[in-house]
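# Examining the three-dimensional arrangement
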Amino acid sequence: MYAVVLLVCCSWVALLCPSVQAYENLALKKPAWQSSTEMSYNGAELAVDGLYTDLSWDGGQCAWSVGGQTTAEWGVDLGGVKYIHHVFIQYATDNWVWDEYNGYTGYFLGFSVYISNTTNKEDGVLCFRDTIYTRATIPNPVNITCPYHGRYVIYYNNRTHPPYPEGYSYDVYIELCEVEVYGCPTPGRYGENCSLLCPENCHCDVIDKTCVECVPGYKGHLCYEECGGHTYGLECKQSCGNCSGGVQCDHETGSCPKGCDAGLYGDKCDLECGGHTYGLGCKQSCGNCSGGVQCDHVTGTCPNGCVAGMSGDKCDLECDGHTYGLGCKQSCGNCSGGVQCDHVTGICPNGCVAGMSRDKCDLECGGHTYGLGCKQSCGNCSGGVQCDHVTGICPNGCVAGMSGDKCDLECGGHTYGLECKQSCGNCSGGVQCDHETGSCPKGCDAGLYGDKCDLECGGHTYGLECKQSCGNCSGGVQCDHVTGSCPKGCDAGLYGDKCDLECGGHTYGLGCKQSCGNCSGGVQCDLVTGICPNGCVAGMSGEKCDLECAGRTYGVECKQSCGNCSGGVQCDHVTGNCPNGCDAGMYGDRCDLECGGHTYGLGCNQSCGKCSGGVQCDHVTGICPNGCDAGLYGDKCDLECGGHTYGLGCKQSCGNCSGGVQCDHVTGICPNGCVAGMSGDKCDLECAGHTYGVECKQSCGNCSGGVQCDHVTGNCPNGCDAGMYGDRCDLECAGHTYGVECKQSCGNCSGGVQCDHVTGKCPNGCDAGMYGERCDLACGSYKYGVECKEVCGNCSNGIPCHHVDGSCPSGCDAGAYGVTCKESCGNCSNRDTCNDVDGSCPYGCDVGVYGKTCDKACQSGRYSISCAKACGQNCQGCNRFNGVCEFGCQPGWTGTFCEKRKVFAMTMKTSRFLLNWWIFNRSSTELFS
């Protein structure tokens, strides 16, 4: 048993593998965490404190978690994204030899290492997972090549899916004495001294600069291609297709340079408008959708209709046209003044139109009322029916004694009864009869009798109560029943109402109705014949002197002549004066004087002072005998020149005044300036000197050959100078064009900028692969890139590389690889040629090297072809070609490959402790067999 104990104890110490010293330990004293902590002196930070000389659980140098768990996790925050080369892990041994008999190996088996940019391992990349080691083969410490970039390194182990391989523990611990993460502290660098720069936009392999991943916003195996196709971010996997105008978003951030499409907002235009807004910039409001729902974020239309009182696709129109409520389907057309009712409730703001009542003015007046507020009464309609609720008019007429459309007037005007159609106008004193019965309250007027005073006096009587007599009426007829006057007059020579007086006062004949007052000396004519005894007064003629002078005569015996009265009428038969004025062109009481002083026509009231030379116009017609002054025309020279003419005879033209107004009729000057393209006081000069338009203030100096542009529109008649385009030649060539009519192309300027619009020269140089003043020549002579300064690589058969990116169209010459064939192949097995694209060796690497391109020396602990074999586990460092332990063995071991144990003595105390541990971990059968 003692010998067995000695055999077990011979590997109680494991010498740490030599660390790669070319890179910096990025984890040292960085913040760390673990899923649980066993004791206060077993915190997660002990695994990055740089101390691991005591590998026991209570030595104060190891992180330790609570036992009995099915998962255990530990992680370290590197403080930022770093380029990692490898991870070194020193697991606890309790200071015993690390071999299959060490109890900690079972807890180490199955572990994983992740690199992540978050504290969640699932967000990162799995760097290593143990699926091959056993308790006898798992190394400790272990170096894990992990050429990735990230911020967090996470150690994880679990026992969640039994059964487990032989030797695995049934639960897991964190038992980490040290975790060292080696790599470059500065992002974007690689190489053993971290002194080499990774390609631009590239997270490169820390060893060989191969692009492992592009920075956000770039793609392609060399990471020089910006995200396109409405994508952005890491690996161009995020979409951003809502930028205004369909433009590409920022390839790194996803932000839109010119804002968002209608209905979207946010830096990345990935948020739909909300809060009852829509459209461009979410600046339009749409808060009237039914149920308070959000309108369509693009169009503003409401999906389920509008709230009460609103209409339109966007519910932005209040109900009108005398409607209200949901869908504007309810009517409210009776509001006072024809105003719109409240679009929601239908209530009229200023009351109702006549004849309607209630808040919504939807109830007609009743109860014998009508009009505004139903405050007017109408109770006299025939049959007691309701009057019209608006006008108060009775539909079937009025009760007896009432009249008017509204039956609110008692019969008047000496009428009574139904519709006031019966007359009763003879009541004494002119009073109104009873409006219903027609009876006179105070008796009858003179000449009438009866209850209703509707019977006239007869039997040659007249007057009150028919008590007065009348006679001597012509033909013996009844006198007037009221006054006693004779209706057909008196006998000849008599007069008076009652025919009881002889004619006098220069009258004669029946009823003394014939006049004879023109007798000479004023004597009375014969009362029966009317003949004047001594002749007539001036202006009269005939036996009875009853004929006025005529035939344009006047005066005594009508012997004086008169003429020129207006309309040819007779002059006054006594004085000769014209009663209605004179004929045109004449004046004076007797119209015997012609008009003068530049007047003419009726009453000489019309002026004609604009005749040429100041001469008098015709006194009758006003016509100027020698024509008109300048600016006037017409027979009478009373019309100003129009139709855009002016001057003598209106023969000069002036049709270019602004707004089409008439120029000054005398001078031709335009009052408000000229139409576009014209200048001068009279607007008779076309714009010149490369000007055009209103007041010739607009310039147009780029017409081909220096010719004048169109004076009105500014258009150039023969095209534009080189570098200009547009109807007015006021636009410089754009869209990578230049020269005459912008027909020449220049699309290869650096940065995509526009070339000089006239010469086509590029202001800031050329795009990669092009040269020349206009960047229209592709690189030649085996050159490529910006300014053709890059030299092509080793392209197959000496074919020139691509002039832009240097890529070889037919691959590389043997021994070269990469896009530009500038990389040299590594040490491929059997000296094979590597793949000319990625440098990989088709049949693996030669002895002592490994890696994708077989250009890396085996890492410590590996040797043979492609470094496929591990050095002996007790080796302190073997030869990378043959595996010989050329740097010695760990304590307790010897041999070429450190495969033999050394036997050494130990104290009884140590032996007893190890024996107890052995008994605890092995069955008695194993111990003594």
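Above this text you will find the structure in question.
Values in this document were obtained by computation on a predicted structure and should not be read as measured data.

### Quick notes on the overall build of the protein chain
Helices and strands together make up the secondary structure of the protein chain, namely 4 helices and 73 strands. Principal axes of the C-alpha set define a box for the protein chain whose edges measure 200 × 85 × 40 Å. Taking all contacts inside the protein chain whose residues are at least 6 apart in sequence as the whole, residues at least 24 apart take part in 30%. Working note: accessible area of the protein chain is about 48,100 Å², and carbon and sulfur atoms make up 50% of it. For the protein chain, the centre of its 56 positive side-chain charges and the centre of its 102 negative side-chain charges are spaced 10 Å apart.

### Description of the nonpolar core
Among the nonpolar cores identified, the biggest contains 56 residues, and W74, I89, F108, F111, V153, Y155 and L176 are the most heavily contacted of them. Every element with two or more residues in this core is listed here: β3 (63-64), β4 (71-91), β5 (112-116), β7 (142-145), β8 (149-158), β9 (175-184), β12 (202-204) and β13 (211-214).

### Focus on the state of the cysteines
Counted by the stated rule, this structure contains 65 disulfides. In this model C749 forms its disulfide with C762; the gap between the sulfur atoms is 2.0 Å. The chirality of the disulfide connecting C749 with C762 is left-handed, given an S-S dihedral of about -75 degrees. Taken together, the residues C749 in the loop between β61 (744-745) and β62 (770-771) and C762 in the loop between β61 and β62 connect sequence positions 13 residues apart. Both residues of the pair, C749 and C762, count as buried. Here C795 is linked by a disulfide to C808, with a sulfur-sulfur distance of 1.9 Å. Disulfide C795 to C808: torsion about the S-S bond roughly -70 degrees, handedness left-handed. Residue C795 is located in the loop between β65 (790-791) and β66 (816-817), and its partner C808 is located in the loop between β65 and β66; the two are separated by 13 residues in the primary sequence. The burial state of C795 is the same as that of C808; both residues are buried.

### Re the side chain of R159
Relative to the assigned elements, R159 resides in the loop between β8 and β9. It turns out R159 is buried and unbridged, and the closest side chain with the opposite charge, D171, is 6.9 Å from it. Of note is the side chain of R159, whose polar atom sits 2.9 Å from the backbone oxygen of S169.

### Here we look at the environment of Y843
Tracing the backbone shows Y843 in the loop between β67 (823-824) and β68 (849-850). Given the relative accessible area of 64%, Y843 is considered exposed. Residues Y843 and D320, 523 residues apart in the sequence, show an inter-C-alpha distance of 86 Å.

### Some details on the packing of aromatic side chains
To describe a pair of aromatic rings, you give the distance between the ring centres and the angle between the ring planes. Counted under the stated rule, the structure contains 12 aromatic pairs. Relative to Y173, the ring of Y107 has its centre 5.1 Å away and its plane inclined at 90 degrees; by these criteria the two rings are edge-to-face. Separated by 66 residues along the polypeptide, Y107 in helix α2 (residues 105-108) and Y173 in the loop between β8 and β9 bring together distant segments of the chain. Exposure remark for Y173: the relative accessible area of 19% places this residue in the buried category. Taken together, Y91, W98, F108, F111, F128 and Y155 form an aromatic cluster joined through their ring pairs.

### Some words on unusual backbone geometry
With glycine set apart, most residues show a phi of negative sign, and most peptide bonds adopt trans. A cis amide bond links N140 with the next residue in sequence, P141, at an omega value of 5 degrees. Within the secondary structure, P141 is located in the loop between β6 (125-129) and β7. Residues P162 and P163 are joined by a peptide bond in cis, for which omega reads 0 degrees. Here P163 lies in the loop between β8 and β9. A positive phi is found at C420, a non-glycine position, where the angle reads about 55 degrees. The topology assignment puts C420 in the loop between β32 (415-416) and β33 (422-423).

### So, the environment of G484
Mapped onto the fold, G484 is located in the loop between β37 (468-469) and β38 (494-495). Through-space distance from the C-alpha of G484 to that of Y462 is 5.5 Å; in sequence the pair is 22 residues apart.

### Points about the layout of surface pockets
The computed volume of the largest pocket comes to approximately 1,100 Å³. Every residue lining the largest pocket is counted, 27 residues in all, and those nearest its centre are P199, H221, L222, V819 and T820. Here the lining of the largest pocket is built from residues that sort into 11 nonpolar, 6 polar and 10 charged.

Rules used throughout
Residues numbered from 1 in each chain as written. Predicted model: local features only at pLDDT ≥ 70, side-chain atom pairs only at ≥ 80, totals over all residues. Heavy atoms only, no water. Helix = DSSP H or I, 4+ residues; strand = E, 2+ residues; numbered from the N terminus. Contact = heavy atoms within 4.5 Å. Areas by Shrake-Rupley, 256 points an atom, 1.4 Å probe, with all protein chains shown as cover. Lys, Arg positive; Asp, Glu negative; His and termini not counted. Charge placed at Lys NZ, Arg CZ, Asp CG, Glu CD. Core = buried A, V, L, I, M, F, W, Y, C linked by side-chain atoms within 4.5 Å. Buried < 20%, exposed > 50% of the residue type's maximum accessible area, 1.4 Å probe, protein only. Disulfide = S-S within 2.5 Å. Salt bridge = Lys/Arg side-chain N within 4 Å of Asp/Glu carboxyl O. Polar contact = N/O pair within 3.5 Å; in protein donor to acceptor, adjacent residues only side chain to side chain. Phe/Tyr/Trp six-rings, centres within 6.5 Å; stacked < 30°, edge-to-face > 60°. 1 Å grid on protein atoms, 1.4 Å probe; cavity = no way out; pocket = protein on both sides within 12 Å on 5 of 7 lines; lining within 4 Å. Points joined across faces, edges and corners; volume = space filled by probe spheres on them. Nonpolar A, V, L, I, M, F, W, Y, C, P; charged D, E, K, R; others polar.

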